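# Analysis of the macromolecular model
Chain residues, written in single-letter form:
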Amino acid sequence: MFMALVVDDTGPMNDIDLPLIVTIATIVGAGLMAGVYFTFSTFTMGGLRRLPPEQGAAAMQAVNVEAVRPALMSVFFGTAVLVAPLYVLAILEFEGARSLLMIGGGSLYLASIVITAVYNVPLNDRLEAADPASPHGQATWAEYQRRCTRGNHLRLGLSMASMTVLTISLVV
């Protein structure tokens, strides 16, 4: 009973629609992360570019330190963790297109995690190691701005696509 109400009225918690709950939770997590990427893609990096390079680089270094705190990391990794039960439920309760959309939507979110790990984190590490006041640090900052923004655009697109595909899975 995939699209039943979350709790059936025949008894308390007798008929929990776990695929629905996991799908909605994954949509919310992907949406929150899309919002993070949206802010960086649309105005955070632009605002930092308006600062003198030394200040912009130092500010971004501080942002990167703050980013790895529990509030953001719990949504970032928690949403990725939700993809495993999403896959299992899509397979165990296979319903054709709906299940394939659940798997696809989860995979799109996981792709944003991979981009973060292989593309954005190394950029953050290089920026962290640079002295913002040095010519090398300022060159690193200039490269960081271009490349990080591209990575954020890609992660934004993947997270939004994940949300969209998972939402469609709820109505097919």
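This report concerns the structure included in the present document. (Residues numbered from 1 in each chain as written. Predicted model: local features only at pLDDT ≥ 70, side-chain atom pairs only at ≥ 80, totals over all residues. Heavy atoms only, no water.)

On a plain count of helices and strands, the chain comes out with five helices and zero strands. Helices and strands appear in the chain in the N-to-C order α-α-α-α-α. Taken over C-alpha atoms, the radius of gyration comes to 20 Å for the chain, far larger than the 16 Å a tight globule of 172 residues would show. In terms of principal-axis extent, the alpha carbons of the chain reach across some 70 × 30 × 20 Å. Counting every position in the chain, which comprises 172 residues, the buried fraction comes to 38%. Nonlocal contacts in the chain, meaning residues at least 24 apart in sequence, comprise 73% of its contacts between residues at least 6 apart. Computing the positive centroid from 9 side-chain charges and the negative centroid from 12, the chain places the two 17 Å apart. (Helix = DSSP H or I, 4+ residues; strand = E, 2+ residues; numbered from the N terminus. Rg over C-alpha atoms; globule rule 2.2 N^0.38 Å. Buried < 20%, exposed > 50% of the residue type's maximum accessible area, 1.4 Å probe, protein only. Contact = heavy atoms within 4.5 Å. Lys, Arg positive; Asp, Glu negative; His and termini not counted. Charge placed at Lys NZ, Arg CZ, Asp CG, Glu CD.)

The next point concerns the packing of aromatic side chains. For the structure shown, the criterion picks out two aromatic pairs. Here Phe-76 and Phe-77 contribute two aromatic rings whose centre-to-centre distance is 4.8 Å and whose plane-to-plane angle is 80°, an arrangement assigned as edge-to-face. Look at Phe-77 and you get partly exposed, because its relative accessible area is 44%. Ring centres 5.8 Å apart and planes at 20° place the aromatic pair Trp-141 and Tyr-144 in the stacked group. Separated by three residues within a single helix, Trp-141 and Tyr-144 lie in helix H5 (residues 135-169), roughly one turn from each other. Both residues of the pair, Trp-141 and Tyr-144, count as buried. (Phe/Tyr/Trp six-rings, centres within 6.5 Å; stacked < 30°, edge-to-face > 60°.)

What follows covers the pattern of salt bridges. A side chain of one charge can pair with a side chain of the opposite charge if their charged atoms are brought near each other. Considering all chains together, one arrives at three salt bridges under this definition. Measuring nitrogen to oxygen at the nearest pair gives 3.2 Å for the salt bridge that ties Glu-66 to Arg-69. A residue is classified by how much of its surface remains accessible, and Glu-66, at 48% relative accessible area, is partly exposed. Judged by its relative accessible area of 41%, Arg-69 is partly exposed. For Arg-147, the salt bridge is made with Glu-143, and the minimal N-O distance between the two is 3.1 Å. Linking Arg-147 with Glu-143, this pair stays in helix H5, spanning four residues, or about one helical turn. (Salt bridge = Lys/Arg side-chain N within 4 Å of Asp/Glu carboxyl O.)

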